[in-house]
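# A closer look at the structure
Residues per chain are reported as follows:
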Amino acid sequence: MKNVAVIGAGTMGNGIAHVFAQNGYTVVLVDVAAAQLERAVQTIEKNLDRQLAKAIITPQQKEEALRNITTATSVETGVAAANLVVEAATENESVKLELFKKIDAVAPQGCILATNTSSISITKIASVTQRQERVIGMHFMNPVPVMQLVEVINGYATSDAVSETIVALSKKLGKIPALANDYPGFVANRILMPMINEAIYSLYEGVAKVDAIDTIMKLGMAHPMGPLQLADFIGLDVCLSILTVLHNGFGNPKYAPCPLLVNMVASGKRGVKSGEGFYSYSHGTKELVVSEKFR
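Residues numbered from 1 in each chain as written. Predicted model: local features only at pLDDT ≥ 70, side-chain atom pairs only at ≥ 80, totals over all residues. Heavy atoms only, no water.

## Quick look at the packing of aromatic side chains
Selection criterion: Each pair of aromatic rings taken from Phe, Tyr and Trp, with Trp reduced to its six-membered ring, is defined by centres within 6.5 Å and is described as stacked if the planes are under 30 degrees apart, edge-to-face if over 60, and tilted in the remaining cases.
Scanning all chains against the criterion turns up 5 aromatic pairs. One aromatic cluster is present, formed by Phe-20, Tyr-25 and Phe-140 through successive ring pairs.

Here is the structure:
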């Protein structure tokens, strides 16, 4: 398994491509937008330079990693020679289902199809393909080159052989795989998102302010990042999408997204990627500045 296609050149896609290329795999990074592909390759090079500055890699390893990456603007071209496809498109069920129909139609017969989804049913994604036993979840954490975990999620029909292959592959990438079964939110987000949602409810109900909530969780619970800052980092729209999957999947009101989160996403406040969420990111420094809305 040496040829990998990564579908989607956003934050997760470029990180996944980076890790595979750095570990000697031939990677085709696929996105419909040529400009996004150009930005993704620039980001990968910048992140490789960071690793070089910290002596994590050598100049030769950086050049080899970049040589391992090519780009394509069509799925047909990108997956033609793939042994593994990792889909890292937007966290939207209908988008993923359409993508997997297309990928399944053009990928080689023995190719494994993986999705980096953080909450959407692997079984449902697999159901639109003719290879349900070869569809699996491969949920990397952001930032991919730094975070060690890969949550490996077996769909209802995923074969043991495919699961074992992806676990072994994750280890070859220097990651630590953890197996989960296909239920809403899997493990990571089934536990994380209710915590983030409760932090937003604490703000919404006036229990405490943004900086107090995050400080209490960082200093009191030894979390490296407070839940509201983490929500901004993940993307408030992504948090809302995952909570909606949990709420719909379990039918339990404890997963209902906080109205404040719903309103923020509706207003275009999506966190880091939009420049504002619970914090403001438009001042050009790494200092955490609480959004004016919550001061």
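## Notes on the UniProt feature "binding site: NAD(+)" (unreviewed entry) in the protein chain
Inclusion rule: UniProt positions are given in the numbering used here, feature names are shortened, and annotations may be inferred rather than shown by experiment. Under the DSSP-based scheme used, a helix requires at least four consecutive residues in state H or I and a strand at least two consecutive residues in state E, with every element numbered from the N terminus. Working definition: with a 1.4 Å probe on protein chains only, accessible area under 20% of the residue-type maximum means buried, over 50% means exposed, and in between means partly exposed. Contact criterion: two residues are considered in contact whenever any of their non-hydrogen atoms come within 4.5 Å of each other.
When the UniProt feature table is mapped to this numbering, "binding site: NAD(+)" (unreviewed entry) covers Gly-8, Ala-9, Gly-10, Thr-11, Met-12, Gly-13, Asp-31, Glu-91, Lys-96, Ser-118, Asn-142 and Lys-273. The topology assignment puts Gly-13 in helix α1 (residues 11-22). Gly-13 sits in the buried class, given a relative accessible area of 0%. Setting aside its immediate chain neighbours within four residues, Gly-13 contacts Val-6, Gly-8, Leu-29 and Ala-88. Structurally, the position occupied by Ser-118 is in the loop between β5 (112-115) and α6 (122-127).

## A short note on the packing of α1 against helix α2 (residues 34-53)
Formally: To obtain each axis, a line is fitted to C-alpha atoms, and for helices this fit is confined to the stretch in contact; angles are then taken between N-to-C directions over 0 to 180 degrees. These descriptions rest on fixed angle ranges, namely under 35 degrees for roughly parallel, over 145 for roughly antiparallel, 65 to 115 for roughly perpendicular, and the rest for oblique. Definitions for this section: a left-handed crossing has its near helix turned counterclockwise from the far helix by less than a right angle. A right-handed crossing has that turn clockwise.
Between α1 and α2, whose axes approach to 10 Å, the crossing angle comes to 55°. In this view, α1 runs oblique relative to α2, as classed from their interaxial angle. For the pair α1 and α2, the crossing hand works out as right-handed. Packed against α1, whose contacting residues are Asn-14, Ala-17, His-18 and Gln-22, the element α2 presents Ala-40, Thr-43, Ile-44, Asn-47, Leu-48 and Gln-51 at the interface.

## Quick notes on the UniProt feature "site: Important for catalytic activity" (unreviewed entry) in the protein chain
Rule in force here: By the criterion applied in these results, polar contacts are pairs of N or O atoms within 3.5 Å in which, for protein atoms, one can donate a hydrogen and the other can accept it, and in which residues neighboring in sequence qualify only through two side-chain atoms.
Here the UniProt feature "site: Important for catalytic activity" (unreviewed entry) sits at His-139. Looking at the element boundaries, His-139 is found in strand β6 (residues 135-140). For His-139, a relative accessible area of 6% translates into the label buried. Contacts of His-139, omitting those with residues within four sequence positions, involve Thr-115, Asn-116, Thr-117, Ser-118, Leu-149, Val-150, Glu-151, Ile-153, Ala-188 and Asn-189. Within the structure, the side chain of His-139 is placed 2.8 Å from the side chain of Glu-151, a separation counted as a polar contact.

## Overview of the environment of Lys-2
With respect to the helices and strands, the residue Lys-2 is situated in the segment before β1 (3-7). Setting aside residues up to four positions removed in sequence, Lys-2 forms contacts with Gly-24, Tyr-25, Thr-26 and Asn-83.

## Some remarks on helix α8 (residues 188-204)
We count it as follows: A helix is expected to span 1.5 Å multiplied by its residue count minus one. The arc in question is the one traced by the directions running from the helix axis out to the C-beta atoms.
Here α8 contains 17 residues, and its C-alpha end-to-end distance of 24 Å stays within 8% of the 24 Å for a straight helix at 1.5 Å per residue. Regarding α8, the residues found buried are Asn-189, Met-193, Ile-196, Asn-197, Ala-199, Ile-200 and Leu-203. Seen from one end, α8 has its buried residues packed into an arc of 155°, which puts them on one side. At its buried positions, α8 is contacted by β6, α9 (210-221), α10 (227-234), α11 (236-250) and α12 (259-266). One or two steps after α8, the chain reaches Gly-206, where phi turns positive at roughly 75°.

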